[in-house]
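Understanding the architecture of this molecule
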Amino acid sequence: MRAFRTVMAGAVAVAVTAAAGCGGEVSTATPRTRPLQVGLVYDIGGRGDQSYNDAAAAGVDEAKRNLKGMRVREVEAAPGEPAARKVERVRALAQAGYDPIIAVGYSYAPALARIAPRFPKTRFAIVDEPTVSGPNITNLLFASEEGSFLMGAVAAMKSRTGDVGFVGGNPSPLVRKFEVGYVQGVKHVNPRVRIRIAYLTGPHDLSGFDRPDKAEKAARRMYRAGADVVYQVAGASGAGVFRAAKDAGAWAIGVDYDQAKSADPAVRGVILTSMIKRIDVAVYDYLASVADRTVTSGPVVYDLRRGGVDYSLTGGHIDDIQPRLEQLKQEIIHSRVKVSPG
Amino acid sequence: MNGFLDRVLGRVKLGGWLAVVAPLIAVVFAVLITSVVLLAAGKDPVLAFTTLADYGTQPRSMAMILNTGVMYYISALAVAVGFRMNLFNIGVDGQYRLAAVIAAGLGGAAVVPGVLNIVLVIVVAVVVGALWAAIAGLLRVYRGVSEVISTIMLNAIATGLGSWLVSEHFGVLTGNDLGTRPIPDDAHMPGIPLIAGTPVLVNGFIVVAVLLGIAYWVVLNRTRFGFELRATGKSESAAVASGVSVKKMIVVTMVMSGAVAGLIGMPELLGASYKYSNNFPAGLGFTGIAIALLGRNNPVGMAVGALLWSFLDNSSNQLQLLDISKEIVQIMQGVVVLSVIIAYELVHRYRIVAEQRRVSRELAAPQEAPKAEAAA
């Protein structure tokens, strides 16, 4: 994975440099004389959380290796702090001259909305949050429907019963994109496969992402009814789906990270593959674009083409179908197969 | 009888110069320990402390420190009310969060306009906090359940109840953030331009906090209820002998503690966030316990403690810019609390020993005199 990530990031770097070389106006622009002074604000957990924040940190570390002279200052949040302290954190970095400033997580949206207009020459980026916008704000978003399409294809190819499932934390627009992509992927491979869909809570309830017991119950019901592959998009609840899969002797599909490596060792064997969200790639790509002044404001969607979403091969369970999957991935990248975001 | 607990909770007063020496020792001790930790981490303590001093003297930071300090102070008062009677209300945390959720839900619904809405929100918060704390008081009186255990459990229940209320009844989704409907503009607590040189306003609840501090002192020291509360805290059996209903006192004190706790979230709710969401400050009840210990349940001491705590919390961003990890702030806070407890205990012991020496000298003096005469 480590090597894979490095290769990936390197590939992105090459792609970005190549793209920069093509643009006439970019090559005539005066090169940035001052090396980047990057400010990075984390949400609770910070570097070392083995999840969200660490993924962003990996992207920054990669950039540090490849972008000459780049310096990084990382500032973490304290649990339960008032929102005003997030605003102050972003302000302190901007005031100290850090540029660009990357906010990891949606809880920084109000802080960026307040501070970005006051520092119009500073670049800001926020991961996973589309609602805050401005001429100096870049939203790093992910085409989760494309990655989920591939998960649907895997499920349809691997299912022996012709019956698959989807467990979502809650039916918010964010999670619906996963479901929509998954269903399209399944139908693309085999329109006759039956798809069972369950959401753990109502649309405005985040507790669905922290209820492994509910997820286990929902997944058990699916496996008992004949499903043999279930895709979970339910955060910490996903552990329940993995447990149910282990008991049923069936497959489950992970999300966000390579869960065959990060989940409880006892259930790793049932994880067929995972839909990986490459926050590291998005962060790296953003920094590279700031460095060569190709950065754009507004949403930048990290999709299959940019390597922002991907699938994992850990465990070797999908080695047999990998050529077909890779072909499908190329078809999506070249728009021969269209995936609707829902 | 002066037990350790009595001394820790500030029920035994230090007189004269000793009252000045104890906090001084604590500060010197805390600075020393923190410097050692910083040196061990390979950081420059002088740079760290000058940065802290620099940060703390800017007008903008002062306003921020006051704003956080207001919440910390109210929380410390809520805890201290119980402490003075040997009631350990660990449940201040749950009480203020549940109070804030329900008050935010009602305030967001805007059933009444303007200032009336502010009053409604505050009253609801106070009542919810009081009722939630009353459960623990009643359990203690009628079932003998230790309030330490019951309030910790009630914290967990308040968390569950709060998130259920937000998700099922009050919640609206903004982007990825789930929170209550924002309280309309006409029901916002106005800020005060208290500090010159910064556009940052000081939260209007600073007035409420000061009034609460005064009320705390007056009620405890100048009313019969306060006397009975302190008497019960010092010796339950003595209080019973002098006709105090301890059961009533327990319930009333828990209710008062909870009522004050209900106010903790109000500066944030009515003066900053205007809604209860995932971003609402959490854990303030536990901060209050530390500050009550730090301020030795004294209204002025707790104010100093709250400001110190808030100063350290707020300076975490600046320290991180120096590549000093944010955990240093937590270490400093912990060291300060321990330093205060240890310094006061040392000074108390010094006083006791000094007193014993003085007494034994006085007792010994008349016997020595005739001996001297005999020798002569």
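No experiment lies behind these values; they were computed from the predicted model shown.

What counts, and at which threshold
Residues numbered from 1 in each chain as written. Chains lettered and ligands numbered in written order. Predicted model: local features only at pLDDT ≥ 70, side-chain atom pairs only at ≥ 80, totals over all residues. Helix = DSSP H or I, 4+ residues; strand = E, 2+ residues; numbered from the N terminus. Buried ≥ 20, exposed ≤ 12 C-beta atoms within 10 Å, placed from the backbone. Contact = placed C-beta atoms within 7 Å. Domains from an automatic or database assignment. Nonpolar A, V, L, I, M, F, W, Y, C, P; charged D, E, K, R; others polar. pLDDT = per-residue confidence, 0-100. UniProt positions renumbered as here; feature names shortened; annotations may be inferred. Expected span 1.5 Å × (residues − 1). Pairing = 2+ DSSP bridges. Axes fitted to C-alpha atoms, helices over the stretch in contact; angles between N-to-C directions. Parallel < 35°, antiparallel > 145°, perpendicular 65-115°, else oblique. Left-handed = near helix turned anticlockwise from the far one by under 90°.

Counting its secondary structure elements, chain B contains 16 helices and two strands. Judged by the C-alpha coordinates and their principal axes, chain B covers about 95 × 60 × 35 Å. Within chain B, buried positions represent 44% of all 376 residues. Of the contacts formed within chain B by residues at least 6 apart in sequence, a portion of 76% connects residues at least 24 apart.

Further remarks concern the domain arrangement of chain A. Residue and element names in this part refer to chain A. What the domain assignment reports for chain A is domain 1 (2–17 + 35–142 + 278–302) and domain 2 (144–277 + 312–333). Measuring from the centre of the C-alpha atoms in domain 1 to the corresponding centre in domain 2 gives 29 Å. Contacts between the two partners involve five residues from domain 1 and, on the opposite side, five residues from domain 2. Among the residues forming the side of domain 1 that touches domain 2, the class breakdown is two nonpolar, two polar and one charged.

The element helix H12 (residues 266–273) of chain B is largely enclosed, with a buried count of eight among its eight residues. Those residues of H12 of chain B not exposed but buried are Met-266, Pro-267, Glu-268, Leu-269, Leu-270, Gly-271, Ala-272 and Ser-273 of chain B. Structurally, H12 of chain B contributes buried residues whose contacts are with helix H4 (83–95) of chain A together with helix H4 (59–83), helix H5 (92–109), helix H6 (114–143), helix H8 (205–222) and helix H11 (246–263) of chain B. Directly beyond the C-terminal end of H12 of chain B, a positive phi value near 60° is found at Tyr-274 of chain B.

Turning to the confidence of the model for chain B, a few remarks are in order. Chain-level statistics for chain B give a pLDDT mean of 90 and a share of 96% at 70 or above. In the model output, the complex is listed with pTM 0.81 alongside ipTM 0.81.

Time to look at the interface of chain B and chain A. Chain B puts 25 residues into the contact, and the matching count from chain A is 28 residues. Taken together, the elements giving at least two residues each to the side of chain B that touches chain A come down to H4, helix H7 (147–170), strand S1 (171–174), strand S2 (177–180), H12 and helix H15 (316–321) of chain B. The greatest single-element share of the side of chain B that touches chain A, amounting to five residues, is contributed by H15 of chain B. Classifying every residue of the side of chain B that touches chain A by side-chain character gives seven nonpolar, 15 polar and three charged.

Residues and elements named next belong to chain B. Here the UniProt feature "transmembrane region" (unreviewed entry) sits at residues 17–41, 61–83, 95–112, 118–141, 148–166, 200–220, 249–270 and 328–347. A helix fraction of 92% and a strand fraction of 0% characterise residues 17–41, whose end C-alpha atoms lie 37 Å from each other. As a span, residues 328–347 carries 100% helix and 0% strand, and end to end its C-alpha atoms are 28 Å apart.

Another aspect to go through is H4 of chain A. All names here are of chain A. When the terminal C-alpha atoms of H4 are compared, their 19 Å separation across 13 residues agrees well with the 18 Å that a helix rising 1.5 Å per residue should span. Taken together, the buried positions of H4 are Ala-83, Ala-84, Lys-86, Glu-88, Arg-89, Val-90, Ala-92 and Leu-93. Of the residues trailing H4, Gly-97 is marked for its positive phi of about 95°.

Residues and elements named next belong to chain A. With mixed pairing, the six strands of this open sheet are ordered in space as S7-S6-S8-S9-S10-S12. A single partner strand is all that each edge strand has here, and the edge strands are strand S7 (194–199) and strand S12 (309–311). Neighbour-to-neighbour, the strand axes of this sheet turn through a mean angle of 15°, independent of strand direction. Running over the sheet, helix H8 (residues 212–224) touches strand S6 (163–168), S7 and strand S8 (229–233) and is turned about 165° from S6.

Turning our attention to the sheet that holds strand S3 (residues 101–103) of chain A. Residue and element names in this part refer to chain A. Read across the sheet, six strands follow the order S2-S1-S3-S4-S5-S11 without closing on themselves; strand pairing throughout is parallel. A strand with exactly one partner marks an edge of an open sheet, and here the two such strands are strand S2 (71–75) and strand S11 (298–302). On average, each strand axis in the sheet is inclined to that of its neighbour by 20°, with strand direction left out of account. Alignment of strand S1 (residues 37–41) against S2, held across five bridges, turns out to be parallel. Looking at the pairing, Val-38 lines up with Val-72 of S2.

Right, let's talk about the pairing of strand S10 (residues 271–277) of chain A for a bit. All names here are of chain A. Of all the seven residues making up S10, seven are buried; the element is thus mostly covered by neighbouring parts of the structure. In this sheet, S10 lies alongside strand S9 (residues 251–256) in parallel orientation, the contact comprising four bridges. By the bridge assignment for S10, Val-255 is matched with Met-275.

All names here are of chain B. Examined against the element boundaries, Ala-22 turns out to sit in helix H2 (residues 18–40). Owing to 21 C-beta atoms within 10 Å, Ala-22 belongs among the buried residues under this scheme. Spatially, the C-alpha atom of Ala-22 lies 5.3 Å from that of Tyr-344, the residues being 322 residues apart in sequence. When residues no more than four places from it in sequence are discounted, the contact partners of Ala-22 are Leu-14, Ala-343, Tyr-344 and Val-347.

One can expect most non-glycine residues to show negative phi and most peptide bonds to be in trans. With omega at 5°, the peptide bond leading from Asp-99 of chain A into Pro-100 of chain A counts as cis. Even without being glycine, Tyr-274 of chain B reaches a positive phi, approximately 60°. With respect to the helices and strands, Tyr-274 of chain B occurs in the loop between H12 and helix H13 (284–294).

Turning our eyes to something else, we now look at the packing of H4 of chain B against helix H14 (residues 299–314) of chain B. Residues and elements named next belong to chain B. At their nearest, the axes of H4 and H14 sit 7 Å apart, and the two run at 130° to each other. Put simply, H4 runs oblique to H14. Note on packing geometry: the crossing formed by H4 with H14 is right-handed. Contacts from Ser-61, Met-64, Ile-65, Thr-68, Gly-69, Tyr-72, Tyr-73, Ala-76, Leu-77 and Ala-80 of H4 reach H14 at Met-302, Ala-303, Gly-305, Ala-306, Leu-307, Trp-309, Ser-310, Phe-311, Asp-313 and Asn-314. Grouping the constituent residues of the contact of H4 with H14 by class yields 13 nonpolar, six polar and one charged.

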